[in-house]
Amino acid sequence: MSAAFGGLVPAIDVEVLEAGYADQLAGQMRRALEHGFDGWIDDDLAFVRDWGFDLGDVRVPVTVWQGDQDLMVPFAHGRWLAHHLHTATARMVPGHGHISLVTRYREQILDDLLDLPRT
């Protein structure tokens, strides 16, 4: 499965995929795309289009999680995003990639979400 990602997975992500997460991820992707991939296209277009708002105007709490080994989303982008979101808490994690970060820190990521104020 890791070969399907080409050069987008560092060694730490390959380890996670080969340790059994690849099957789980494949199942998640099948479910996510079973009704089409329009949402995925919208996400990809958001990478290159204006979002329609200034990040400095965001007033709600945000947590930015980023692994420094991530080859899918550059680490510099995570730092940039955290800097421009004035309400952001940055969780810049050394030694993790895109996939390993989510598997290793799942509980902490969910805790961050649950700790956000409710309006």
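Further up the page is the structure itself.
Computed from a predicted model, the values in this text were never measured in an experiment.

Q: What's the story with the pairing of strand β1 (residues 62-67) in this structure? I'm lost.
A: Each regular strand carries side chains that alternate between the two faces of the sheet. As paired strands, β1 and strand β2 (residues 88-93) are joined by 6 bridges and run parallel to one another. Residue pairing across strands places glutamine 66 opposite methionine 92, the latter belonging to β2. The handedness of the β1 to β2 crossover, carried by helix α3 (residues 75-84), is right-handed.

Q: Sorry if this is basic, but what is going on with the packing of aromatic side chains here?
A: Scanning the model with the defined rule gives 2 aromatic pairs in all. Relative to phenylalanine 53, the ring of tryptophan 51 lies with its centre 6.0 Å away and its plane at 35 degrees, an arrangement referred to as tilted. Look at tryptophan 51 and you get partly exposed, because its relative accessible area is 43%. The exposure class assigned to phenylalanine 53 is partly exposed, which follows from its relative accessible area of 46%. Consider the rings of tryptophan 65 and tyrosine 105, whose centres lie 5.6 Å apart with planes at 45 degrees: the pair is tilted. A residue pair is termed long-range when its members are at least 10 positions apart, and tryptophan 65 in strand β1 and tyrosine 105 in the loop between α4 (98-104) and α5 (106-115) qualify at 40 residues. The class for tryptophan 65 is buried, based on a relative accessible area of 17%. Residue placement shows arginine 104 over the ring face of tyrosine 105; its charged tip is 4.6 Å from the ring centre.

Q: Teacher, can you tell me more about the side chain of aspartate 112 here?
A: Secondary-structure assignment places aspartate 112 in helix α5. Note on aspartate 112: relative accessible area 13%, which makes it buried. Of the polar contacts made by the side chain of aspartate 112, one reaches the side chain of arginine 91; its length is 3.0 Å. The residues touching aspartate 112, leaving out its near neighbours within four places in the chain, are Thr63, Trp65 and Arg91.

Q: I would appreciate a short explanation of a nonpolar patch on the surface in the present structure.
A: A contiguous nonpolar surface patch, about 800 Å² in accessible area, is contributed by Met29, Leu33, Phe37, Trp40, Ile41, Leu45, Phe47 and Val48. Contributions of two or more residues to the nonpolar patch are made by α1 (11-33) and α2 (38-46). Here the nonpolar patch takes 3 residues from α2, the largest share from any one element. You can call phenylalanine 37 exposed: its relative accessible area is 52%.

Q: Hey, could you run me through the layout of surface pockets in this one?
A: Taken as a whole, the largest pocket holds about 1,200 Å³ of empty space. Contributing to the lining of the largest pocket are 30 residues, with Phe47, Asp70, Met72, Val73 and His98 lying nearest its centre. Elements supplying a minimum of two residues to the lining of the largest pocket: α1, α2, β1, α3 and α4. Ranked by the residues each element gives to the lining of the largest pocket, the list is headed by β1, at 5 residues.

Cut-off values and rules
Residues numbered from 1 in each chain as written. Predicted model: local features only at pLDDT ≥ 70, side-chain atom pairs only at ≥ 80, totals over all residues. Heavy atoms only, no water. Pairing = 2+ DSSP bridges. Helix = DSSP H or I, 4+ residues; strand = E, 2+ residues; numbered from the N terminus. Right-handed = clockwise from strand over helix to strand, strands pointing away. Phe/Tyr/Trp six-rings, centres within 6.5 Å; stacked < 30°, edge-to-face > 60°. Buried < 20%, exposed > 50% of the residue type's maximum accessible area, 1.4 Å probe, protein only. Lys NZ or Arg CZ within 6 Å of the ring centre and 35° of its normal. Polar contact = N/O pair within 3.5 Å; in protein donor to acceptor, adjacent residues only side chain to side chain. Contact = heavy atoms within 4.5 Å. Patch = residues over 30% accessible without salt bridge, like charges linked within 9 Å, V, L, I, M, F, W, Y side chains within 5 Å. Areas by Shrake-Rupley, 256 points an atom, 1.4 Å probe, with all protein chains shown as cover. Salt bridge = Lys/Arg side-chain N within 4 Å of Asp/Glu carboxyl O. 1 Å grid on protein atoms, 1.4 Å probe; cavity = no way out; pocket = protein on both sides within 12 Å on 5 of 7 lines; lining within 4 Å. Points joined across faces, edges and corners; volume = space filled by probe spheres on them.

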